[in-house]
Amino acid sequence: MDNEILRRNRKRKEQQLKRRRRLKLCIFASGFILAAVLLGRGLLRPVWTRFFGSGTDDSTTLQTDVARTDPDAAVRRPLKGKDDIEKLSVNTIGWHEDSKGRWFQNADGTYFADGFQSIDGIQYYFDDDGHIVVSDWVVRGGVEYYFDANGSYIPGQERPMIALTFDDGPSEYTDRLLDALEANGAHATFFMLGWIAEEQAGCIRRMLEIGCEIGNHSWNHVNLPQQTIETAIQQIRDTDAELEAICGQESTVVRPPYGSYSDEVIAAIDKPFILWCVDSLDWSLKDAKLDYDSIMNSGAIQDGSIILMHDIYEPSVACAEMLIPALISQGYRLVTISEMARAKNVDLISSAYTDFWDTSLEAGLVPGYRGEDAITPQTLDVRTDGTTDDSQTEGTDDSQTEETEDEIAA
Ligand code: ZN
């Protein structure tokens, strides 16, 4: 009888133990499912990334940049660093706004940065910090894109541009001019003489570093058509050899001294000959204010103009220091000749150019003009439906850039 009671007690205890084990398993499974759901919603990942920083240093960001197939498409950046504390404080998918502007959080906790991204059919541009560009221009691959007050890309908008060109240098004043260009994010083209190039070698290398263009103005300022063809070719070739020895590349464009050329000379030298439509007359005026007025009152300050100046005179450089910010404040972008040509759909060929005005392009006066072909950034679209429907956003996200996400995870 006692044995029977003992057996029953043992059986009851075994059943209790089994029930407890089942309950523990249930709790563990529920916890696991909950964690999986939270991870899926991107709620845990930013926190994990922020505090443990696994694989989210700059080298990973660099890998992500390299991995993108479209070089202009936005990358997905994991949250990182102090700068992202504001982003970290809002962990829901979709659009957010902070003190620096609007940004977009993906399902995996990443945010778009440094490129174009289409969301709900609207093309946005995300800056390096992950905020969209509004009411401003973005230059990508030498092409300008305009984004309105909502951050939407507006096709067909053209920012007026002007090409500043400087002849007869480089000189002791050129470095000061480069300071002004660099400080204003402006570019210019320098048509230089071979025989004095060596004296300002560092200056020529700096031109390239800040995005300026290297031009050829012959070896010692000869009137090219008055030379034999062999001498004319030699004048350009020797200068190119000198420039290449100094900065590693020869000239891309030529300005013939005195603006003097012939079809024969152009054909023999086989480079674009760049003339001008605005002559500052700085070589004669030699006064910064008079130079400035001469340019501004020329009646030819417009989109596509080429301005002629000389960086061998101190007043010309002083004029440029006023002119550069003034033109920018009027809405102009200051570009090199090659940048201008690219933006205007012109392939520079061995021919003469005086301007890139719309009227000249349309009249067929600009050699190498390819005609209008609107350039639109192409990126994949992320659809959010304007709702808080997470599953839809997640679904689209997952199918979109698996490759990029793998790189982040790596
Ligand atoms: Zn000259």
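The rules behind these values
- Residues numbered from 1 in each chain as written.
- Predicted model: local features only at pLDDT ≥ 70, side-chain atom pairs only at ≥ 80, totals over all residues.
- Heavy atoms only, no water.
- Salt bridge = Lys/Arg side-chain N within 4 Å of Asp/Glu carboxyl O.
- Helix = DSSP H or I, 4+ residues; strand = E, 2+ residues; numbered from the N terminus.
- Buried < 20%, exposed > 50% of the residue type's maximum accessible area, 1.4 Å probe, protein only.
- pLDDT = per-residue confidence, 0-100.
- Contact = heavy atoms within 4.5 Å.
- Donors = N, O, S within 2.8 Å, 3.2 Å for Na, K, Ca; no water.

In this section: the pattern of salt bridges. Within the structure shown, the criterion is met by 16 salt bridges. In this structure, lysine 271 engages glutamate 250 in a salt bridge whose closest nitrogen and oxygen atoms are separated by 3.2 Å. Remark: glutamate 250 occurs in the loop between α8 (229-247) and β13 (253-254) and lysine 271 occurs in the loop between α9 (263-269) and β14 (273-274); sequence separation between them is 21 residues. Judged by relative accessible area, lysine 271 falls into the buried class, the value being 10%. Overall, glutamate 250 belongs to the partly exposed group, its relative accessible area being 37%.

This part is about the confidence of the model for the protein chain. When the pLDDT values of the protein chain are averaged, the result is 83; 78% of them are 70 or greater. Below pLDDT 50 for its whole length, residues 386-410 participates in 40 contacts with residues either more than four positions away or in separate chains.

Here we take up the coordination of the zinc ion. In this structure, Asp168 (OD), His217 (NE2) and His221 (NE2) serve as the protein donors to the zinc ion, at separations of 2.1 Å. In primary sequence terms, the donor set of the zinc ion follows D-x48-H-x3-H. Of the two residues, aspartate 168 sits in the loop between β10 (161-167) and α5 (174-183) while histidine 221 sits in the loop between β12 (213-216) and α8, which places them 53 residues apart along the sequence. On the accessibility criterion, aspartate 168 (14% relative accessible area) is buried. Histidine 221 sits in the partly exposed class, given a relative accessible area of 22%.

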